[in-house]
Amino acid sequence: MSSPTATRRETAHTVAGSVALDGRFARELPELSIPWSAQTAPAPRLLALNEPLARELGIEPTWLRSDAGIALLTGSAVPEGATPVAQAYAGHQFGGFSPRLGDGRALLLGELTDIDGALHDLHLKGSGPTPFARGGDGYAAIGPMLREYIISEAMHALGVPTTRSLAVVTTGRTVHRETALHGALLARVASSHLRVGTFQYAATQDDRDLLHRLTDIAIARHAPAAAEAERPALALLDMVIEAQATTVARWMSIGFVHGVMNTDNMTISGETIDYGPCAFLDAYDPGAVYSSIDHGGRYAYRNQPVVAEWNLARFAETLLPLIDDDLQHAIGLATAALERFSAHYADAWLSLMRAKLGLGEAVSDETAAVLATDLLGLMEEARVDYTSTLRALSVCASGGVRPVVLDSATGTAWAERWLALEPDADAMDRVNPVYIPRNHLVEEALGAATDGDLAPFDRLLEAVARPYDVRPGLERYAEAATDALGPYTTFCGT
Ligand code: AMP
Ligand code: MG
């Protein structure tokens, strides 16, 4: 792509050998690609390696630990055939449109095919400034990269569509934030990095062929059935709406707050992406906001479905010229598709909550919805821990002690209504997690890692990687935070 600031940086790469990476994105969408290379990491050291994921991708973990593997994970050596690029995208950030964001500190290394034949992006975050850096330094610090690693892996274990984390490497470079910090890179794997913002960028280029190509590529990668539809772009929109409704319903069911649902942080695949100022609810509070920069509460827990729908409307706008030549007709079709979001969301949410309450198929949707909503009301009033309360309900279902939230008169009445439906305690334990990356545990693990001790990080990862299996020795990972910790805030873009 042409850019006033971009001069193609010729890569002086050696060949990494053991991983086949394709340069498909660079080849097929040159208008959205700036070929670029990573800054050399002065003293790279592997901090975390996702061995099961590496194996699924067909990469030998011992090779990734070697100098050649670390050279790939830091972008200093890429296989022949790969063309690392900074990807262009636009985005609505807190509602305001930025026409040119792009990977300011990240690179798409290339596409790889896993052992089942599926295609994935291998991407580096924190790899140095690109022409999209807009004054940012292009780097990342250890804490935020390990945060993305642990939260994305926990999300995956909880059944939420998400990008995955392959590795975190500390670079040996000092990164300056409020204080001097150790720099790090995250190697991320995604079914693609196509974002709503990618389409927004393409739509502003006044290039119908580009928009068409991007849409065809998104369809081939994420919605192959749409290619056969009468209106492929509309069918893609439908599929993205459904995928995002399902993903956000899953977030809500586990008490996850993304924190920065800008359109550049929303994928076409439906995978959760860009774990910045994200957090899990402690006490149930629909208005919970964790991001230090979200002053208006735009991305509060309860707003997430509405924001997703808003973002999808921005996606729909980009597709209008491909939906129909008659703009009014295209708007009508896109609007009808967007109107299906709430039904998809409600269905997905209800089936998740129904499972959490152990309700069988004989229980009507209406009864299940009222029970779930009433329970959330009780939790909000009592300000009890969301995750622990849901997990504790199975004990109650099998005749054991009732969680505190059911102590009140309304709570007792709720319990009677619910127990009369004979909830299945074992089924509940398979869907209500014991171990999630609780905020105080994440902070503890990241603080220790920043000081050079990775043991708490490894232990927390071990807990959240199997969220439903109670294991001896992990008791403190199942405990709710104490109120003494005060309000929790996380920071983005660091
Ligand atoms: P994020 O908030 O991480 O989703 O990033 C939003 C935009 O800011 C993207 O275009 C990023 O590439 C860019 N960005 C964030 N942090 C940095 C940084 N330290 N240096 C350069 N660009 C950055
Ligand atoms: Mg982002």
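Once a new chain begins, its residue numbering starts again from 1 and follows that chain's sequence as written. Note on labels: chains are lettered from A, ligands numbered from 1, in written order. In keeping with the model being predicted, local features are shown solely for residues with a pLDDT of at least 70 and side-chain atom pairs are shown and tallied solely at 80 or more, while totals for entire chains, interfaces and linings include all residues. Values reported for side chains reflect all heavy atoms of the structure, with hydrogen atoms and water molecules removed beforehand.

> Break down unusual backbone geometry for me, with residues and values.
You will see that R134, though not glycine, has its phi angle at about 45 degrees, which is positive. With respect to the helices and strands, R134 occurs in the loop between β7 (119-125) and α5 (142-157). Burial classes follow relative accessibility: with a 1.4 Å probe on protein chains only, a residue under 20% of its type's maximum area counts as buried, one over 50% as exposed, and anything between as partly exposed. By relative accessible area, R134 is classed as exposed at 59%. Put simply, DSSP H or I for four residues or longer makes a helix, DSSP E for two residues or longer makes a strand, and each gets a number counted from the N terminus.

> Just give me the short version of the coordination of the magnesium ion (ligand 2), but keep the residues and values in it.
Counted as coordinating are nitrogen, oxygen and sulfur atoms within 2.8 Å of the metal, or 3.2 Å for Na, K and Ca, while water is not included, which may make sites look incomplete. N265 (OD1) and D274 (OD) make up the full set of protein donors to the magnesium ion (ligand 2), lying at 1.9 to 2.2 Å. On the accessibility criterion, D274 (12% relative accessible area) is buried.

> Please give an account of the side chain of S127 that cites residues and values.
Note that S127 resides in the loop between β7 and α5. Judged by its relative accessible area of 2%, S127 falls in the buried class. Once you skip the residues sitting within four places of it in the chain, S127 turns out to touch A38, Q39, R105, A106, L107, G138 and L185. It only takes one pair of heavy atoms within 4.5 Å for two residues to be counted as in contact.

> Kindly report on the site of ligand 1, identifying the contributing residues and their values.
Nearness is judged by heavy atoms alone; a residue qualifies as near a molecule or strand once a single heavy atom is within 4 Å of it. G102, G104, R134, D137 and G138 are the nearest of the 17 residues found near ligand 1. In protein, a polar contact means a hydrogen-donor-capable atom and an acceptor-capable atom, both N or O and within 3.5 Å, with residues adjacent in sequence counting only if both atoms are side-chain atoms; elsewhere, any N or O pair within 3.5 Å suffices. Measuring from a nitrogen atom of ligand 1, one finds a side-chain N or O atom of D137 at 3.1 Å. Measuring from an oxygen atom of ligand 1, one finds a side-chain N or O atom of N265 at 3.2 Å. Burial of ligand 1 by the protein amounts to 86% of the accessible area it has alone, namely 480 Å². Marked domain ranges trace back to an automatic or database domain assignment. Each of two domains, domain 1 (9-193) and domain 2 (217-494), supplies a minimum of three residues to the shell around ligand 1. Only the protein chains shown count as cover for residues, and the accessible areas themselves come from Shrake-Rupley with a 1.4 Å probe.

> Explain the pairing of strand β2 (residues 45-49) to me, using residue names and the numbers behind them.
Counting buried positions along β2 yields 4 of 5 residues, so the element is predominantly enclosed. Between any two strands, at least two bridges found by DSSP are needed for them to pair. Bridge count between β2 and strand β8 (residues 164-176): 4 bridges; the pairing is antiparallel. Note that in β8 the partner of L46 across the bridge is V169.

> Describe the domain arrangement of the chain, with residues and values.
For the chain, the domain assignment lists domain 1 (9-193) and domain 2 (217-494). Here domain 1 and domain 2 have C-alpha centroids that lie 26 Å from each other. Carbon and sulfur atoms supply 65% of the area buried between domain 1 and domain 2, which totals about 3,900 Å² over both sides. Should a side-chain nitrogen of Lys or Arg be within 4 Å of a carboxyl oxygen of Asp or Glu, the pair is scored as a salt bridge. The interface formed by domain 1 and domain 2 includes 4 salt bridges. For the pair domain 1 and domain 2, the number of links is 15 residue pairs in polar contact (both at pLDDT 80 or more). When contributions to the side of domain 1 that touches domain 2 are tallied by element, the ones reaching two or more residues are β2, β4 (91-93), β7, α5 and β9 (180-190). Counting residues per element, the side of domain 1 that touches domain 2 draws most heavily on α5, at 14 residues. For the side of domain 1 that touches domain 2, the class distribution of residues is 23 nonpolar, 14 polar and 10 charged. Here the quantity called buried area is the accessible surface, traced with a 1.4 Å probe, that two parts lose on coming together, added over both. In this classification, the charged set is Asp, Glu, Lys and Arg, the nonpolar set is Ala, Val, Leu, Ile, Met, Phe, Trp, Tyr, Cys and Pro, and all remaining amino acids, among them Gly, are polar.

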